[in-house]
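Listed below are the residues making up each chain.
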Amino acid sequence: MYAGASCLEPEGDFPSSPVAAALPKMQRARGHSRISFKRRDKISCLDRLFQEGCAKIRLPRMLDTIPEAVLINTAGGLTGGDHLTTEVSLQAGAQAVMTTQACERIYRSTGSDAEVLTRVELAKGARFDWLPQETILFDGGRLSRRFEADLAEGAELLAVEALVLGREAMGETVTSGLFRDRWRIRQNGKLLFADDLRLSGDIAALAAEQAALGGNRAIATVLLVTEDADQLLDPLRDVIGDAGGASAWDGKLVARLAAPDSLTLRRSLIPALAVLLGGRALPKVWQI
């Protein structure tokens, strides 16, 4: 079903002032998806799938034994008051890859935040690769994003989140807005990794500061949780070069990348992810 009927809901009541009462109620996008995978013999396969509103999941036919899921936001982007929730679970020994159909776009808001929540639960020995394409923040856009994962013993997680501050080729500058990014990764109930990033106000001016983004407009955070993470540190640093840095400790590897634009970021990010994927190719949608 097209998003226009099912994913748009009216916002809450406006304050009872004469001006506010005259304003129309704004429509807001809602999307909620849940997907789980299980292991059958030596093959990982779909267990359950739920999708509601503007959140859709498609499973392309794969020649590989690892299933790939593509998350689609049929609303065509997000603005203030929109909500998008994705929940992923893998049973013991299962493997899966999840990505997005395209870059997510965060459009100008009238004041409230667009909210995006991703929750992941991995059973013992499971491996999940969370590989969404970039998020583009437009001038005046406001996004509050959370990524939460609970890993059992022996579970592995590869996750990436990338942000682009406007499209340089279109002459766009983000002079106002908000971006909040919160990561919480736990293993066996204990906090393994926590990260918080906030950009607000005149984001373009903030990004130009040397102590902030050093004039870069595209950034990415990459996290790998696996027992032999330290063995991948040197190969990862080799492909990243001057585009960022990486560290590994206590069974996890974290890399930060920065670039002046999205294309330059991809030229470093794609080889970096190839290293962490063990030579496996990125999802096909990354190449379209």
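Conventions we followed
- Residues numbered from 1 in each chain as written.
- Predicted model: local features only at pLDDT ≥ 70, side-chain atom pairs only at ≥ 80, totals over all residues.
- Heavy atoms only, no water.
- Salt bridge = Lys/Arg side-chain N within 4 Å of Asp/Glu carboxyl O.
- Helix = DSSP H or I, 4+ residues; strand = E, 2+ residues; numbered from the N terminus.
- Buried < 20%, exposed > 50% of the residue type's maximum accessible area, 1.4 Å probe, protein only.
- 1 Å grid on protein atoms, 1.4 Å probe; cavity = no way out; pocket = protein on both sides within 12 Å on 5 of 7 lines; lining within 4 Å.
- Points joined across faces, edges and corners; volume = space filled by probe spheres on them.
- Nonpolar A, V, L, I, M, F, W, Y, C, P; charged D, E, K, R; others polar.
- Phe/Tyr/Trp six-rings, centres within 6.5 Å; stacked < 30°, edge-to-face > 60°.
- Lys NZ or Arg CZ within 6 Å of the ring centre and 35° of its normal.
- Core = buried A, V, L, I, M, F, W, Y, C linked by side-chain atoms within 4.5 Å.
- Patch = residues over 30% accessible without salt bridge, like charges linked within 9 Å, V, L, I, M, F, W, Y side chains within 5 Å.
- Areas by Shrake-Rupley, 256 points an atom, 1.4 Å probe, with all protein chains shown as cover.
- Lys, Arg positive; Asp, Glu negative; His and termini not counted.
- Charge placed at Lys NZ, Arg CZ, Asp CG, Glu CD.
- Expected span 1.5 Å × (residues − 1).
- Contact = heavy atoms within 4.5 Å.
- Polar contact = N/O pair within 3.5 Å; in protein donor to acceptor, adjacent residues only side chain to side chain.

Participant: Now, about the pattern of salt bridges: what can you tell me, with residues and values included?
Facilitator: A full pass over the atoms with the stated rule returns 15 salt bridges. Between R108 and D139 there is a salt bridge; the shortest N-O distance is 3.3 Å. Of this pair, R108 sits in the loop between strand 8 (104-106) and strand 9 (114-122) while D139 sits in the loop between strand 11 (135-137) and strand 12 (142-151), and the two are 31 residues apart along the sequence. Its salt-bridge partner being D196, residue R182 comes within 3.6 Å of it at the nearest N-O pair. Of this pair, R182 sits in strand 14 (residues 178-187) while D196 sits in strand 15 (residues 190-200), and the two are 14 residues apart along the sequence. For R182, a relative accessible area of 37% corresponds to the partly exposed category. By relative accessible area, which is 48% here, D196 ends up partly exposed.

Participant: Please give an account of the layout of surface pockets that cites residues and values.
Facilitator: Put simply, the largest pocket is a space of about 340 Å³. Forming the boundary of the largest pocket are 24 residues, of which N73, L84, T100, A102 and E104 lie nearest the centre. Secondary structure elements with two or more residues in the lining of the largest pocket: strand 5 (68-73), strand 6 (83-90), strand 8, strand 9 and strand 12. Among the residues forming the lining of the largest pocket, the class breakdown is eleven nonpolar, nine polar and four charged. If you trace the second largest pocket, you find 18 residues lining it, with M62, E68, A281, L282 and P283 closest to the centre. Within the residue set of the lining of the second largest pocket, elements represented by two or more residues are strand 5 and strand 10 (127-131).

Participant: So what about the packing of aromatic side chains? Which residues, and what values?
Facilitator: Aromatic ring pairs are reported here in terms of the distance separating the ring centres and the angle at which the planes meet. As enumerated under the stated definition, the model contains four aromatic pairs in all. Between the aromatic rings of W183 and F193, the centroid separation amounts to 6.1 Å while the plane-to-plane angle is 85°, which identifies the pairing as edge-to-face. Linking W183 in strand 14 with F193 in strand 15, this pair joins segments that are ten residues apart in sequence. On the accessibility criterion, W183 (0% relative accessible area) is buried. Each member of the aromatic cluster is reached from another via a ring pair, and the members are W130, F147, W183 and F193. A cation over a ring is seen here: R34 above F50, with NZ or CZ 4.3 Å from the ring centre.

Participant: Now, about the nonpolar core: what can you tell me, with residues and values included?
Facilitator: In this structure, L131, V222, L236, I240, L257, L269 and L273 are the most contacted members of the largest nonpolar core, which totals 34 residues. The set of elements that each furnish at least two residues to this core consists of strand 5, strand 13 (156-165), strand 16 (218-225), helix 4 (233-240), strand 18 (252-259) and helix 5 (262-276). Considering every element that reaches this core, the biggest residue donor is helix 5, with five residues. Ranked by size, the runner-up nonpolar core spans 28 residues in total, among them I35, A69, V88 and L157.

Participant: So what's going on with a nonpolar patch on the surface? Which residues, and what values?
Facilitator: Residues L46, L49 and L59 make up a contiguous nonpolar surface patch of about 220 Å² in total accessible area. As for its position among the elements, L49 is in strand 3 (residues 43-53).

Participant: Report on a negative patch on the surface, specifying residues and quantitative values.
Facilitator: A contiguous patch of negative charge on the surface is contributed by E153, E227, D228 and D230. On the secondary structure map, E153 appears in the loop between strand 12 and strand 13.

Participant: Which residues make up helix 5, and what values do they have?
Facilitator: The α-helix winds at 3.6 residues per turn, so residues separated by three or four positions along the chain end up facing the same way. With 15 residues, helix 5 extends 20 Å from end C-alpha to end C-alpha; this agrees with the ideal 21 Å at 1.5 Å per step. Along helix 5, the residues that are buried comprise L265, R266, S268, L269, A272, L273 and L276. Elements in contact with the buried residues of helix 5: strand 10, strand 13, strand 16, helix 4 and strand 18. Taking the backbone nitrogen of L263 as reference, a side-chain oxygen 3.2 Å away marks D261 as the first, capping residue of helix 5. Immediately downstream of helix 5, the backbone of G278 shows phi near 70°, a positive value.

Participant: Help me get a handle on the side chain of R145, residues and values and all.
Facilitator: Within the secondary structure layout, R145 lies in strand 12. Polar side-chain contacts of R145 include one of 3.1 Å to the side chain of T135.

Participant: Would you mind going over unusual backbone geometry in detail, with residue names and values included?
Facilitator: Of note in the backbone geometry, D41 takes a positive phi value of approximately 55° without being a glycine. By the element assignment, D41 lies in the loop between strand 2 (27-40) and strand 3. At N188, a position not held by glycine, the phi torsion is positive, near 55°. The topology assignment puts N188 in the loop between strand 14 and strand 15.

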